[in-house]
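If you want the building blocks of each chain, they are given just below.
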Amino acid sequence: MLAVAVLAAGKGTRMKSALPKVLQPLAGATLVERVLDSCRLLSPDRQLMVVGHQAERVERTLARVEGLEFIRQEPQNGTGHAVQQLLEPLAGFEGELLVLNGDVPLLRPETLDKLLSRHRESGAAVTLLSARLADPTGYGRIFADWTGQVEAIVEHRDCNPEQRRNDLTNAGIYCFDWAKLAAVLPQLSSDNDQGELYLTDTVAQLRPAMHLEVIDPDEVAGINDRQQLAHCEAVLQDRLRRHWMAEGVTFIDPASCTLSEQTRFGRDVLVEPQCHFRGATTVGDGCRIGPGCLIEDSHLGDGVEVLHSVLRDSRVAGGCLIGPFAHLRGGTDVAAGCRIGNFVEVKHSRLGEGCKASHLSYLGDAELGSDVNIGAGTITANFDGVRKHRTVIGSGSKTGANSVLVAPITLGEGVTVGAGSTLTKDVPSGALALGRARQLVKENWTADLARQQQGVAG
Ligand code: UD1
Ligand code: CA
């Protein structure tokens, strides 16, 4: 039997944040979600999470995780005290307990798998992950013999200068024989610099205690402050970009782009500098994105080009050209072969195939047929101050420059709207609609005016 416990009760004082540390985001997922993900492959029989600081908030974030048991730790008196809270829920449990620090988010599932099998093969009472770090400041130091047997773990702040020179650090990931751990847990003392109960102190009581050194120290990077958070983000972004490059995506300037874990790319996508993909975004084959784009929770078909634009919660079908400087907002659905150009904002609208809105427009709550041409400066006035209304424009219609379509309004097919019109009534198919003041011309007006003024002066 295998139980996994994630320690997530700490406040994370060094983050200086209103958010509990384990809920800080990293490439779109919280630290604690990442930690949980890393052990999913092991299919544990029990999954427990020790919560304390802002417990409700942490529980709410993870409410959808199936089979997760929350254990409250109150007050939060150290990692040893956190694991003591498991004595009751795990009473009579037989097997291994895998303990994961909630602030070590980059662990690879394969590494945990290796830890577990090494532990089972060796028959140790505890096996823990270790890493040699160029800068071990802040981490507990592992004192071990050449066979890998751990004598003791001493926290950074409890080390003397000599001990601090040891660069073998504790990753905060442990595989315990639960029965043996349960026997020594009640004996922990708080005789240390922080006056807390340390889980690490159990290791000296458990024989044999073994450590397993990870090859890639970034995997066990812990997050206590914003600098470490930024470091882990950089490591994760690098992993994601490498993955997608291996899958056939070209990045002109990889380091300037960021991805979310759920971003998916087709083949032969070209990503220019300064592009950011967030949420569940998919990008089809042969797309060309950037420079300078933010694309969030959106789906792009094949061969779409997006330049200097912001897309959120939108769908764009194959062959569309978006930008430069377009803004596609929530609920936008653009069919194939459309062009949405300079300073055009589209919100909650559907555009049929081959539509063009090339300059300075706002389309909100609109439904366009196919091959509609939206003239420069066309605005759908969708808000009457209280409610939003729909604008419907039939296929093949054209709006002149600076038209205002006051919703609710329906234009039939093949309608032409004269430039500068403000339309408030429906227009039938095939009609020309004009809604503007007739042009007035007063000949010789300038000369007449000059004469009048001279008369006044004289
Ligand atoms: C801990 C280890 C240290 C190791 C480092 C690796 C101890 C005593 N020290 O130090 O040897 O090198 O992790 O990153 O374990 N937590 C609780 N309840 C508490 C206190 C903490 O649940 O009362 C949780 C925190 O939310 C966090 C984890 O335990 O997720 C680790 O706590 P933290 O205070 O960050 O320990 P470190 O000082 O980093
Ligand atoms: Ca930590």
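The structure presented is a predicted model; accordingly, all values stated were derived computationally and were not measured.

Enquirer: Could you clarify how one ought to interpret the packing of aromatic side chains in this entry?
Expert: For any pair of aromatic rings, the description rests on two quantities: the centre-to-centre distance and the angle between the ring planes. On inspection of all chains with the given rule, the structure shows five aromatic pairs. Centre to centre, the rings of W244 and F265 are 5.5 Å apart; their planes meet at 70°, and the pair counts as edge-to-face. Taken together, the residues W244 in helix α7 (residues 226-246) and F265 in strand β13 (residues 264-265) connect sequence positions 21 residues apart. F265 carries the same exposure label as W244, and that label is buried. With centroids separated by 5.3 Å and ring planes inclined at 10°, the aromatic side chains of F325 and F343 adopt a geometry described as stacked. Separated by 18 residues along the polypeptide, F325 in the loop between β23 (321-322) and β24 (326-328) and F343 in the loop between β26 (339-342) and β27 (344-347) bring together distant segments of the chain. Accessibility expressed as a relative area gives 40% for F325, which makes it partly exposed.

Enquirer: So what exactly am I meant to see when it comes to the layout of surface pockets here?
Expert: It is the rolling of a water-molecule-sized probe over the atoms that shows where space remains empty. Quantified by volume, the largest pocket comes out at close to 1,100 Å³. In terms of lining, the largest pocket is formed by 40 residues, of which the most central are R14, K21, T79, D103 and N224. For the lining of the largest pocket, the secondary-structure elements that each account for two or more residues are β1 (2-8), α3 (79-84) and β10 (168-177). With four residues, β10 is the largest single contributor of residues to the lining of the largest pocket. Split by residue class, the lining of the largest pocket holds 12 nonpolar, 21 polar and seven charged. Quantified by volume, the second largest pocket comes out at close to 550 Å³. In terms of lining, the second largest pocket is formed by 25 residues, of which the most central are E33, R34, D37, S38 and E261. Counting residues per element, the ones that place at least two in the lining of the second largest pocket are α1 (31-38), α4 (109-122) and α7. Looking at which element gives the most residues to the lining of the second largest pocket, the answer is α1, with five residues.

Enquirer: Would you mind going over the pattern of salt bridges with me for this structure?
Expert: Proximity of charged atoms lets side chains of opposite charge pair with each other. Going through the model one piece at a time under the given rule, you end up with 22 salt bridges. Between R40 and D37 there is a salt bridge, with the nearest N and O atoms lying 2.6 Å from each other. Since its relative accessible area comes to 43%, R40 is described here as partly exposed. R390 is the salt-bridge partner of E367, the closest N and O atoms lying 3.5 Å from each other. Of this pair, E367 sits in strand β31 (residues 366-368) while R390 sits in the loop between β33 (379-381) and β34 (391-393), placing them 23 residues apart in sequence. In this structure E367 comes out as partly exposed when scored by relative accessible area, which is 28%. Within this structure, E56, E59 and R72 form a network of salt bridges that share partners.

Enquirer: I tried to follow the site of ligand 1 on my own but got confused; where do I start?
Expert: Surrounding ligand 1, one finds 25 residues, the nearest of these being Q73, G78, T79, E155 and N170. At 2.7 Å, a side-chain N or O of Q73 approaches a nitrogen atom of ligand 1. In this structure, N224 approaches ligand 1 through a side-chain N or O atom, which is 3.3 Å from an oxygen atom. In this structure, ligand 1 is accommodated by the largest pocket. Residue assignment for the shell around ligand 1 shows that the elements contributing at least two residues are β1, α3 and β10. Of all the elements, β10 adds the most residues to the shell around ligand 1, at three residues. For the shell around ligand 1, a count of residues per class yields nine nonpolar, 12 polar and four charged.

Enquirer: So what exactly am I meant to see when it comes to the nonpolar core here?
Expert: The nonpolar side chains of a soluble globular protein tend to be buried, and buried together. Within the largest apolar cluster, 58 residues are counted, with the highest numbers of intra-cluster contacts made by I289, L300 and I322. In terms of residue count, α7 provides more of this core than any other element does, six residues in total. Both domain 1 (2-220) and domain 2 (226-433) contribute no fewer than three residues apiece to this core. For I289, the contacting residues outside a window of four places in its chain are V269, L270, V271, E272, C275, F277, V283, I295, L300, V304 and V306.

Enquirer: Can you help me understand the coordination of the calcium ion (ligand 2) in this one?
Expert: For the calcium ion (ligand 2), the full set of protein donor atoms is D103 (OD) and N224 (OD1), and the range of their distances to it is 2.2 to 2.4 Å. A residue pair is termed long-range when its members are at least 10 positions apart, and D103 in the loop between β6 (96-101) and α4 and N224 in the loop between β11 (209-213) and α7 qualify at 121 residues.

Enquirer: What exactly am I supposed to notice about a nonpolar patch on the surface here?
Expert: On the surface, a cluster of nonpolar side chains totalling about 320 Å² of accessible area is made up of F325, F343 and L360. Tracing the chain through its elements places L360 in the loop between β29 (356-359) and β30 (362-364). For L360, a relative accessible area of 52% puts it in the exposed group.

Enquirer: In this structure, what is going on with the sheet that holds β31? I would like to understand it.
Expert: Picture the strands of a sheet paired through backbone hydrogen bonds; they go either parallel or antiparallel. Here we have nine strands laid out as an open sheet, ordered β13-β16-β19-β22-β25-β28-β31-β34-β37, and parallel in their pairing. Unpaired on one side and paired on the other, β13 and β37 (409-411) mark the two borders of the sheet. As defined by bridge partners, β34 adjoins β37 across three bridges and the pair is classed as parallel. Note that in β37 the partner of V392 across the bridge is T410.

Enquirer: In this structure, what is going on with the sheet that holds β26? I would like to understand it.
Expert: Within the open sheet, the 11 strands sit side by side as β12-β14-β17-β20-β23-β26-β29-β32-β35-β38-β40. Their pairing is parallel. Two strands close off the open sheet at either side, each with one partner strand: β12 (249-251) and β40 (432-433). In this structure, strand β32 (residues 373-374) lies alongside strand β35 (residues 398-399), joined through two bridges in parallel fashion. Across the sheet, the residue bridging to I374 is T399, located in β35.

Thresholds applied
- Residues numbered from 1 in each chain as written.
- Chains lettered and ligands numbered in written order.
- Predicted model: local features only at pLDDT ≥ 70, side-chain atom pairs only at ≥ 80, totals over all residues.
- Heavy atoms only, no water.
- Phe/Tyr/Trp six-rings, centres within 6.5 Å; stacked < 30°, edge-to-face > 60°.
- Helix = DSSP H or I, 4+ residues; strand = E, 2+ residues; numbered from the N terminus.
- Buried < 20%, exposed > 50% of the residue type's maximum accessible area, 1.4 Å probe, protein only.
- 1 Å grid on protein atoms, 1.4 Å probe; cavity = no way out; pocket = protein on both sides within 12 Å on 5 of 7 lines; lining within 4 Å.
- Points joined across faces, edges and corners; volume = space filled by probe spheres on them.
- Nonpolar A, V, L, I, M, F, W, Y, C, P; charged D, E, K, R; others polar.
- Salt bridge = Lys/Arg side-chain N within 4 Å of Asp/Glu carboxyl O.
- Near = heavy atom within 4 Å.
- Polar contact = N/O pair within 3.5 Å; in protein donor to acceptor, adjacent residues only side chain to side chain.
- Sits in = over half its atoms within 2 Å of the grid points.
- Core = buried A, V, L, I, M, F, W, Y, C linked by side-chain atoms within 4.5 Å.
- Domains from an automatic or database assignment.
- Contact = heavy atoms within 4.5 Å.
- Donors = N, O, S within 2.8 Å, 3.2 Å for Na, K, Ca; no water.
- Patch = residues over 30% accessible without salt bridge, like charges linked within 9 Å, V, L, I, M, F, W, Y side chains within 5 Å.
- Areas by Shrake-Rupley, 256 points an atom, 1.4 Å probe, with all protein chains shown as cover.
- Pairing = 2+ DSSP bridges.

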